[in-house]
Structure formats: C-alpha cells, structure tokens
Amino acid sequence: MARVETSSNRPYHLVIFGASGFTGQFVVEEVARTVSEGPKGNLKWAVAGRSRQKLEKVLEQAAAVLSKSELRSEVDIIVADVEEPDSLAAMCKQAVIVLNCVGPYRFYGEPVVKACVENGAHHIDISGEPQFLEGMQLNYSSQAADKGVYIIGSCGFDSIPADMGVLYTKDQFKGTLTAVESFLTVGSGDDGGCIHDGTWQSAIYGFSDGQKLQSLRRKFNHKPLPSIGSKLKRRGSLFFSNEIQQYTVPFMGSDPSVVKRTQRFLVEEHQDKPVQYGAYAGIGGIGNIIKLMFAGMMFWVLVKFSFGRNLLIKHPEFFSFGFFSKAGPTRKQMDESSFQFAFYGEGYTDGQDPSQGKPNGKICTLVQGPECGYVATPIAIVQAALTMLNEPTALPKTGGVYTPGAAFAKTTLTDRLNKHGIKFSVV
Ligand SMILES: NC(=O)c1ccc[n+]([C@@H]2O[C@H](COP(=O)([O-])OP(=O)(O)OC[C@H]3O[C@@H](n4cnc5c(N)ncnc54)[C@H](OP(=O)(O)O)[C@@H]3O)[C@@H](O)[C@H]2O)c1
C-alpha cells in the first residue's frame, strides 16, 4: 500500500525543484498563495535548484508580487543539481513530494524520477513530452510500486485540462460515453501572447526524436483496448470546425497520449469502458493558416538536422512568428490570455445496450481557464500536489507511474481546480 505521509519526519511537504526557471517562479508564487490549503491548514515547503543566488531572488520577487515583506524566513533553499546524484538524493530525502519544473525532461527528468523512487519522495511534473512520460512508465512502474511512491507526470496545462476534462465529461454523461473530441482555443489581449523558450526546446527535441517513441511504445506490448460504439473518425490535418467556427488542426501536444494511457488504466484496473479520444486545436483564419504552414515547413525541415535544431533554438521568435520567445510572456500578456477546451462526446444513454447499434446520446462540456503555460500550469501542479497531501486514501492503492487521470480519478481535484479558476461545466 502506497502512503503519502504528511506527518512523517520529512521536513517539507513540497520541494519545488527548478524554482528559478521561467515556469518555476510562477509555481513558487502559487504555492505561497495556497499554503493554507496544506494538511491541517499548513504547508511546509522549500525551493530547490542549482543556484542559491537565483533561488533567493525568486523568493524576493514572489514576496513582492504577493505583497509580503519577505518569504525567506518561512521557505528554505536546497541546492541540488541534476548532474550531481548525491544532491538529488539529499533533496528527495527531505520532501514528501518533489514538484519538478526542470526541463526539457528528456534531458533532465530521469535522474530526478530515479532519485525520488530510491529515496521515497513522490514526484509530480509538468512535462508535455510523451517520450519521457511513457519512458518513465516503462522503466519505473514496478520500482515505484515496490517503494510505494507515486510518480505523476503531465500535471500542467499538458495534460490536466484534457485528461480530467474527458473524465468529467464521462461522469456527466447519463449512460456509457464512448468517444470524445476536444477543441482547444486560446485567447489573448491587445499585446498578444507567447510561450517561453523552455517549451520550445522541449518541442524541438521531441519532434526530432519521434521514431524512438514508436519503438518505446512497442515495448509495452499492450493489447488493443476493447472498442465500444462507432469508431471515432480521425479528422484531416486542416479543416474548418463547425464546433468552434474556425480552422483547426490536430493537437500536437501530449494530451492524446496521456488521455489514452488514463483510459487504459481505467479499463485494466477498474474494468471501465474506454473512451476514444481525438484532440484538435483552433488556429483561427486564413492568415494564421499561411503562417502555420510556413513555420511548420521550416520546423519539419530544420528539426531533422543538428545545425537546424541549433538555428531553431537560437531564434525561437523568428521561426515561430513570435509564438515562442526567450523572454516569455509579460505579466500583462498573461493576465489577458485564456484557454477553452470544448469536449464533444457521444455514447449510449442509460438503458441502451452499448454492444447494440449506434450511440444515441451526445454531450458537450467545457474546461475554461487563465493563460495556459504560467498561470493555469502552476494552478494545476499545485492543486495536484495539495490533492495528494489532503486525500491520500483516494489515490490508487499502490505506488507507480501514473497519468493525472489515473491518479486523481477518485479525488476532488476537479472541484479544487474549479475553485482556483480552471472551470469545468456542462453546456
Ligand atoms: N505542461 C505545461 O503546460 C508546461 C508549461 C510550462 C512549462 N512546461 C515545461 O516545463 C519545463 C521548464 O520550462 P521553462 O520555460 O520554465 O524552462 P526554463 O526557464 O529554461 O527553466 C528550466 C529550469 O531547469 C533548471 N535546470 C537546468 N539544468 C539543471 C540542472 N542540471 N540541475 C538543476 N536544475 C537545472 C534551470 O535552472 P537555472 O535557473 O539554474 O538555469 C531552470 O530552473 C519545460 O520542459 C517546459 O516544456 C510545461
């Protein structure tokens, strides 16, 4: 039986590793805002990273944003470097949960997972990299289970809204839900919006290594999931969506991989009926199609060669039409940005036999929230951690490597997210 020991003698409930990163600094602010939601209204936490000086600055900035005189007296600093296993072990021994914000995860993630498993700390990350996430499942599931440790990946915008959104849609449907398509739209204010370079680098290396993901998947030797209801048809690579009234492309992030893994877990562990899933993202009008095609072509060519990858890494703004930048979004851009997932589901209503005929019921739900990368992501990872600390008995019975949906299906994570601005509703 796995245990989340909040009253153990580990000094910290949470240690934020990579707190000095672009995303890490916002995770620090979000933890500081929510300390009263910790076990018994209290949260003991520390920040960790490879530079003490940078971490001190992050705490100073977070205190200023939260209008506090200082945070340093209540938050400790741990110096740890991915390249130094002893420092990772020392960090993990002090934490109930490590919130890992150090990416790209394909380069830096595994030593942290390993140190957590070996030293009995639970691990939550914000990776959107299927190769890392599935690789950790393949390599660490049984060790994590033996140690009673939960390794929960993709707890940021990738892929909590999609994964929990599919579960929410399934819960709200009166009958057996068999298929869902999600349509993501992102809004911004007059200054537009952008994503920080850290995610751009993760995407570059992810795309350049796509073939390895296929061979990794074969190693799982999975049986196909049972098929229930009509087979969900794949849409084209560019189409006008009547659902969101704009041109739309398949969503290239980790959501389809994560949702599928969750559905497999629910079928295998809870004998649930699987939900088929298709993920799409709105791109707007004709002008954006031209930009996307141009940027996409350059990306596909350059990402295959090391000199091309270096070019992409050096000039994110140029090659992404400003969608990614080394500076990341400003606070104003973040304040004015938002996202919406619309989930269109179909299934068999109560009383209809799912093995007979075509699905006869439909449902539409929404998950809406603030800016994806640096507002919604910190909310999602911090609420995931608080759920683990406050609802340990609602987690899967054994430790292991889990998706958010698999880990949190029986918890109140969705309600917690609702209270913090990531809203789930039925249309
Ligand atoms: N799921 C989502 O929706 C979502 C949203 C945002 C970000 N992310 C992911 O989060 C990751 C971080 O993104 P970011 O934009 O915050 O990147 P970033 O600003 O480059 O931050 C990277 C962090 O990793 C630390 N680091 C690098 N090498 C290290 C080492 N050897 N030992 C210890 N720490 C090390 C850096 O420390 P220093 O400060 O000392 O350099 C920094 O704190 C990326 O993988 C990104 O894709 C996901």
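Being a predicted model, the structure only gives us computed values, none of them experimental. (Residues numbered from 1 in each chain as written. Predicted model: local features only at pLDDT ≥ 70, side-chain atom pairs only at ≥ 80, totals over all residues.)

A. Structural view of the sheet that holds strand β13 (residues 338–349). Reading across the sheet, the seven strands line up as β9-β10-β11-β7-β13-β14-β16 and stay open at both edges, with mixed pairing between neighbours. Strands with a single pairing partner mark the edges of an open sheet, and in this sheet they are β9 (239–241) and β16 (423–426). For this sheet, the mean inter-axis angle between neighbouring strands, taken without regard to orientation, is 30°. Here strand β14 (residues 361–370) pairs with β16 via four bridges, running antiparallel. Looking at β16, one finds that Q368 is bridged to K423. Across the sheet, helix α14 (residues 372–390) lies against β7 (175–187), β13 and β14, angled at about 105° from β14, the strand it touches most. (Pairing = 2+ DSSP bridges. Helix = DSSP H or I, 4+ residues; strand = E, 2+ residues; numbered from the N terminus. Axes fitted to C-alpha atoms, helices over the stretch in contact; angles between N-to-C directions. Contact = placed C-beta atoms within 7 Å.)

B. Inspection of the nonpolar core at higher detail. Residues V15 and I16 are the most contacted members of the largest nonpolar core, which totals 106 residues. Once you skip the residues sitting within four places of it in the chain, V15 turns out to touch W45, A46, A48, I78, M91, Q94, A95 and V98. The next biggest cluster of nonpolar side chains, apart from the first, holds nine residues, and it includes C194, I195, W200 and F324. (Core = buried A, V, L, I, M, F, W, Y, C linked by C-beta atoms within 7 Å. Buried ≥ 20, exposed ≤ 12 C-beta atoms within 10 Å, placed from the backbone.)

C. Spatial organisation of the domain arrangement of the protein. Here the domain parsing of the protein yields domain 1 (12–155 + 374–420) and domain 2 (160–373). For domain 1 and domain 2, the distance between their C-alpha centroids amounts to 24 Å. Tallying the contact residues gives 30 residues for domain 1 and 35 residues for domain 2. Of all the secondary structure elements, the ones that give two or more residues to the side of domain 1 that touches domain 2 are α1 (22–33), α5 (130–147), α14, α15 (404–408) and α16 (413–419). (Domains from an automatic or database assignment.)

D. Representation of the site of the ligand within the structure. Around the ligand, a shell composed of 30 residues is seen, among which G21, T23, G103, G156 and G198 lie nearest. Considering only residue class, the shell around the ligand consists of nine nonpolar, 16 polar and five charged. Lining the shell around the ligand are residues from two domains, each supplying at least three of them: domain 1 (12–155 + 374–420) and domain 2 (160–373). (Near = placed C-beta within 6 Å. Nonpolar A, V, L, I, M, F, W, Y, C, P; charged D, E, K, R; others polar.)

E. Local environment of the UniProt feature "transmembrane region" (unreviewed entry) in the protein. Mapped onto this numbering, the UniProt entry gives "transmembrane region" (unreviewed entry) at residues 277–303. The span residues 277–303 shows a helical share of 63% and a strand share of 30%, and its end C-alpha atoms are spaced 28 Å apart. (UniProt positions renumbered as here; feature names shortened; annotations may be inferred.)

F. Region of interest: the packing of α1 against helix α2 (residues 52–65). For the pair α1 and α2, interaxial distance at closest approach is 10 Å and the crossing angle is 50°. Regarding the angle of α1 to α2, the classification is oblique. Between α1 and α2 lies a crossing whose hand is right-handed. Two secondary-structure elements touch here, α1 through Q25, V28, E29 and A32 and α2 through V58, Q61, A62 and V65. (Parallel < 35°, antiparallel > 145°, perpendicular 65-115°, else oblique. Left-handed = near helix turned anticlockwise from the far one by under 90°.)

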